[in-house]
Amino acid sequence: MIWLWPFLVLVLQSCSPALSDSALSDSPYLVGMGSYDITGPAADVNMMGYANAEQIASGIHFRLKARAFIVAEPNGKRVVFVNLDACMASQLVTIKVLERLKARYGDLYDENNVAISGIHTHAGPGGYLQYVVYIVTSLGFVRQSFDVIVNGIEQCIVEAHNNLRTGKIYVNKGDLLDAGVNRSPSAYLNNPAEERSKYQYNVDKEMTLIKFVDDELGPVGSFNWFATHGTSMSRTNSLISGDNKGAAARFMEDWAEQNGIPKQGAHATNDGLEFLHRISGLPRRVSSIIPEPNEITDDLVQLASSYEASGGRRLSGSNITKRIRSTQQDKPKFVSAFCQSNCGDVSPNVLGTFCIDTGLPCDFNHSTCNGKNELCYGRGPGYPDEFESTRIIGNRQFLKAVDLFNSASEEIQGRVDYRHTYLDFSQLEVNVPSSTGEQQVVKTCPAAMGFAFAAGTTDGPGAFDFKQGDVKGNPFWRLVRNLLKTPGKEQVDCQAPKPILLDTGEMKEPYDWAPAILPIQIIRIGQLVILCVPGEFTTMAGRRLRDAVKKVLTSDNSGEFNDIHVVLAGLTNTYSQYITTFEEYQIQRYEGASTLYGPHTLSGYIQEFQKLATAMVANKEVPTNFQPPDMLDKQIGLLPGVMFDSTPPGVKFGDVSSDVPASSTFRKGSVVNATFYSACPRNDLLTDGTFALVEKLDGTDNWVPAYDDDDWSLHFIWSRPAKLSPRSFATLEWTIPEDAPSGVYRLRHFGASKPLFGSIKHFTGTSRAFAVR
């Protein structure tokens, strides 16, 4: 026995390298997935996207999430990609997230290998960017919006880091034809005919998906990139929503849960689709704790009628609101993200644009109706129901993603790598061809927005007499502009033919109105190359950038990049509005008027991304001479805080104001609602919790959570009787899904109230019970 132990040690030592090499060849990567709630304040805060001062959050359609993947080579480089259910990334958010990651992990994660991208929903709280022009309508900086996003990004990265395990990655791509149309076709037509002839469509129809498969658990997530705007929800909507991409992510995560992913093998089936898409067409978040369906009997109706509204009662804290989610923490979480790409001129309102007064199509060149832009709107496939349009466009992306997920067979193999730099886009020297074919040096300009910017788009028209395609401007608005800042001749010439409405790049009071220092970044995972851009590229601009980078990479004689897939991740790391082609810029529709740095902006991006790609091929580092400003200490927020909440005499928080009718029975597909005396949701965001709950009676006394405010079917709607009133109401509106089990249900509201003196108190209350057939 004494001699046997050394012999065994020698055998194990000689075997271990072979085992290690085998494991690495089977699974060359470590992969980790994570997600976290970033919903933010559901009251009083202006929504980011439409710049409509009247679009103030007042409830929740479904919650917003940050989702992350980490891919690492064992003992090698690693990359992090975060997808936000937010309008866009924010430079200030990125700076503060990186500070937290450095404090937690040292130099493991930094600006070079972390990318943070937004899906471009226009239904999330604003006030989290640091430049003045992006926070004017939110009355300045909103610390609550900012903090919840920073914290959520950190938490999802921590979760992904803790979940790192050996696994494989697959890539697949395919066309999705009916989820986006070009909203500025007249500008697209100004691109060279020879170039346009290379493409079948005037928007990109291709979705690229990567599938993550844990060696032991099976599939654990997927991320995909597809271009369509987050504007299925209109500029009048006031419920927080992830719009079509946020919806698609929830549908796919629900589908994965119903299919038992990640507990199955590498390939799932489509069986769960029928379950999620019954006659009602109302996909939702699914709770696995709902009992099996049972028939309604007179006894159950009588039982329901015995449960009256509970009345409001005080809670010791908000932890009780986490229970519907905490029941599912004992199993791995499937994470699915639907990321944004070159969506600049792509609308989800696929039925076309029409005048709301006549019903006739809008003017082709200017998107006006009798000269007025306010009357021209795009129509989604569920018109006139924006929730249905959101569901349909989200569902189409979801179904294509499932198809690509199930058929993915091309395994990603190769190095993990990245390049990143900062550039001063206010004065970037760019080499472009002259009219004689020779090279000439031009410059980008300090940021400025044109008159057509104020016209808005067919997804959300502007106001007054602005119109798209305006290359002249208006004398009255020039006078108004000059009260803020009169652009100099050099700036006017640089931005031509854009007539300048706001010279934001040269406006510095009380602090910078627009960014100048921008990040660009390339992330490589084997044959997948992600171009991270800080803005909204139009269709043709994105095509030119992808082609230019691919040409550099594939010129490498080693053949290492021969089979690469290049995707563009829009609205990443910071935000600088739009990027059009030079030819589209001449037309000065909304996108051209919002291309901040002048007509050569795209050429600047292409030149600098080619430098990054060249450095990646040569395995050289890229120096940077700039750093973006951190202006957190300069931020001004004018949104008043919550003073206090109150109820009428004799009424408690959580009491029912308008109850479900007594002894009522509802059929699947019908709507049930109840209204409660409530308090401002800004008192406690109930992050990772819920303001609204549908409970089902299990037995005779046990109520179990079935649907919450992250479910598609349940809306949380908050209101005040008057603008400055300390009183408020919460209406819970539940559209009963066709696949809801029959039984006895009730609605429950959670909230937190602020007294004039003292600390915030949490409360709850329930409606009268009712039967569902």
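Residues numbered from 1 in each chain as written. Predicted model: local features only at pLDDT ≥ 70, side-chain atom pairs only at ≥ 80, totals over all residues. Heavy atoms only, no water.

### A look at the overall build of the protein chain
Thought 1: Tallying secondary structure elements over the protein chain gives 16 helices and 39 strands in all.
Thought 2: In the protein chain, which comprises 773 residues, the proportion classed as buried is 60%.
Thought 3: The long-range fraction of contacts in the protein chain, counting pairs at least 24 apart against all pairs at least 6 apart in sequence, stands at 78%.
Thought 4: Entry remark: accessible area of the protein chain is about 29600 Å², with carbon and sulfur atoms responsible for 53%. (Helix = DSSP H or I, 4+ residues; strand = E, 2+ residues; numbered from the N terminus. Buried < 20%, exposed > 50% of the residue type's maximum accessible area, 1.4 Å probe, protein only. Contact = heavy atoms within 4.5 Å. Areas by Shrake-Rupley, 256 points an atom, 1.4 Å probe, with all protein chains shown as cover.)

### Quick notes on the pairing of strand β3 (residues 56-60)
Thought 1: Most of β3 sits out of view: 4 of its 5 residues are buried.
Thought 2: Two elements, strand β2 (residues 43-48) and β3, share 2 bridges in a ladder whose sense is antiparallel. What sits directly across from alanine 43, in β3, is serine 58.
Thought 3: Note: β3 against strand β35 (residues 714-719), 2 bridges, orientation antiparallel. The residue of β35 that forms the bridge with isoleucine 60 is phenylalanine 716. (Pairing = 2+ DSSP bridges.)

### Describing the packing of aromatic side chains
Two aromatic rings are characterised by how far apart their centres lie and by the angle between their planes.
Thought 1: Under the counting rule described, the total for this entry stands at 32 aromatic pairs.
Thought 2: Both rings, one in phenylalanine 334 and one in phenylalanine 405, keep their centres 5.8 Å apart while their planes meet at 75°; by these two values the pair is edge-to-face. Taken as a pair, phenylalanine 334 in the loop between α9 (323-326) and β13 (335-339) and phenylalanine 405 in helix α10 (residues 386-407) lie far apart in primary sequence, 71 residues in all. Each member of the pair, phenylalanine 334 together with phenylalanine 405, is buried.
Thought 3: These aromatic residues form a ring-pair network of at least three members: Phe69, Phe81, Phe212, Phe223 and Trp225.
Thought 4: The ring of tyrosine 201 has lysine 205 sitting right over it, with the charged end atom 5.4 Å from the ring centre. (Phe/Tyr/Trp six-rings, centres within 6.5 Å; stacked < 30°, edge-to-face > 60°. Lys NZ or Arg CZ within 6 Å of the ring centre and 35° of its normal.)

### Describing a nonpolar patch on the surface
Thought 1: A cluster of nonpolar side chains, Met643, Phe644, Leu756 and Phe757, forms an exposed patch at the surface whose accessible area comes to about 490 Å².
Thought 2: Positionally, phenylalanine 757 belongs in the loop between β37 (743-753) and β38 (761-766). (Patch = residues over 30% accessible without salt bridge, like charges linked within 9 Å, V, L, I, M, F, W, Y side chains within 5 Å. Salt bridge = Lys/Arg side-chain N within 4 Å of Asp/Glu carboxyl O.)

### Some points on the nonpolar core
Thought 1: Residues Val82, Ile153, Ile157, Phe609 and Trp734 are the most contacted members of the largest nonpolar core, which totals 130 residues.
Thought 2: Per-element tally for this core: the top contributor is helix α3 (residues 143-162), with 9 residues.
Thought 3: Core analysis: the second largest hydrophobic core is formed by 28 residues, Phe212, Trp225, Val416 and Ala569 among them. (Core = buried A, V, L, I, M, F, W, Y, C linked by side-chain atoms within 4.5 Å.)

### Observations concerning the sheet that holds strand β30 (residues 656-658)
Thought 1: Taken together, 7 strands build an open sheet; the order of strands is β7-β2-β3-β35-β36-β32-β30 and the sheet is antiparallel. Each edge of the sheet is formed by a strand with only one pairing partner; in this case those strands are β7 (124-125) and β30.
Thought 2: As judged from the 2 bridges shared by β2 and β7, these two strands associate in the antiparallel manner. When the bridges of β7 are listed, methionine 47 appears paired with proline 125.

### As for the sheet that holds strand β26 (residues 528-532)
Thought 1: The sheet built from 4 strands is open, its strands ordered β18-β25-β26-β28 with mixed pairing. Of all strands in the sheet, those bounded by a partner on one side alone are β18 (416-424) and β28 (565-569). Within the sheet, the average angular offset between the axes of one strand and its neighbour, ignoring direction, is 15°.
Thought 2: Note that β26 and β28 share 5 bridges and pair parallel. The residue bridging valine 529 from the neighbouring strand is valine 566, located in β28. (Axes fitted to C-alpha atoms, helices over the stretch in contact; angles between N-to-C directions.)

### What about the pattern of salt bridges?
A side chain with one charge may pair with a side chain of the opposite charge, provided their charged atoms come close.
Thought 1: If you walk through the whole model with that rule in mind, you get 43 salt bridges.
Thought 2: Put simply, aspartate 44 and arginine 682 hold a salt bridge, and the shortest N to O gap is 2.9 Å. Taken together, the residues span a long stretch of sequence, with aspartate 44 in strand β2 and arginine 682 in the loop between β32 (671-678) and β33 (692-698) at a distance of 638 residues.
Thought 3: Here aspartate 44 falls in the buried class, since its relative accessible area comes to 15%.
Thought 4: For arginine 682, a relative accessible area of 13% corresponds to the buried category.
Thought 5: Linking arginine 546 and aspartate 204 is a salt bridge whose minimum nitrogen-to-oxygen distance equals 2.9 Å. Of this pair, arginine 546 sits in helix α13 (residues 539-554) while aspartate 204 sits in the loop between α5 (193-196) and β10 (206-214), and the two are 342 residues apart along the sequence.
Thought 6: One continuous salt-bridge network, built from bridges that share partners, spans Lys65, Arg67, Asp85, Arg250, Glu253 and Asp710.

### Details of the packing of helix α2 (residues 91-105) against α3
Thought 1: Remark: α2 packs on α3, axes separated minimally by 10 Å, with the N-to-C direction vectors making an angle of 40°. In terms of orientation, α2 lies oblique with respect to α3. In this structure, α2 crosses over α3, and the sense of that crossing is right-handed. Residue-level contacts link Leu92, Val93, Lys96, Val97, Arg100, Leu101, Arg104 and Tyr105 of α2 to Phe146, Ile149, Val150, Asn151, Ile153, Glu154, Gln155, Ile157, Val158 and His161 of α3. (Parallel < 35°, antiparallel > 145°, perpendicular 65-115°, else oblique. Left-handed = near helix turned anticlockwise from the far one by under 90°.)

### Some words on the UniProt feature "active site" (unreviewed entry) in the protein chain
Thought 1: UniProt's entry tags Ser347 with the feature "active site" (unreviewed entry), counted in the numbering of this structure.
Thought 2: Take serine 347: its relative accessible area is 2%, and that puts it in the buried class. (UniProt positions renumbered as here; feature names shortened; annotations may be inferred.)

### Points about α13
Thought 1: A rise of 1.5 Å per residue sets the reference length of α13, with its 16 residues, at 22 Å; its end C-alpha atoms lie 22 Å apart and thus fit the reference within 8%.
Thought 2: Along α13, the positions that sit buried rather than exposed are Thr539, Met540, Ala541, Gly542, Arg543, Arg544, Leu545, Arg546, Ala548, Val549, Val552 and Leu553. (Expected span 1.5 Å × (residues − 1).)

### Some details on the packing of α13 against helix α16 (residues 601-618)
Thought 1: Running from N to C, α13 and α16 cross one another at 25°; their axes reach a closest spacing of 9 Å. By the angle between their axes, α13 is roughly parallel relative to α16. Where α13 crosses over α16, the two elements pack in a sense that is right-handed. In this structure, α13 contributes Ala541, Arg544, Leu545, Ala548, Val549, Val552 and Leu553 to the contact, and α16 contributes Leu602, Tyr605, Ile606, Phe609, Gln610, Ala613, Thr614 and Val617.
Thought 2: Here the residues of the contact of α13 with α16 sort into 12 nonpolar, 2 polar and 1 charged. (Nonpolar A, V, L, I, M, F, W, Y, C, P; charged D, E, K, R; others polar.)

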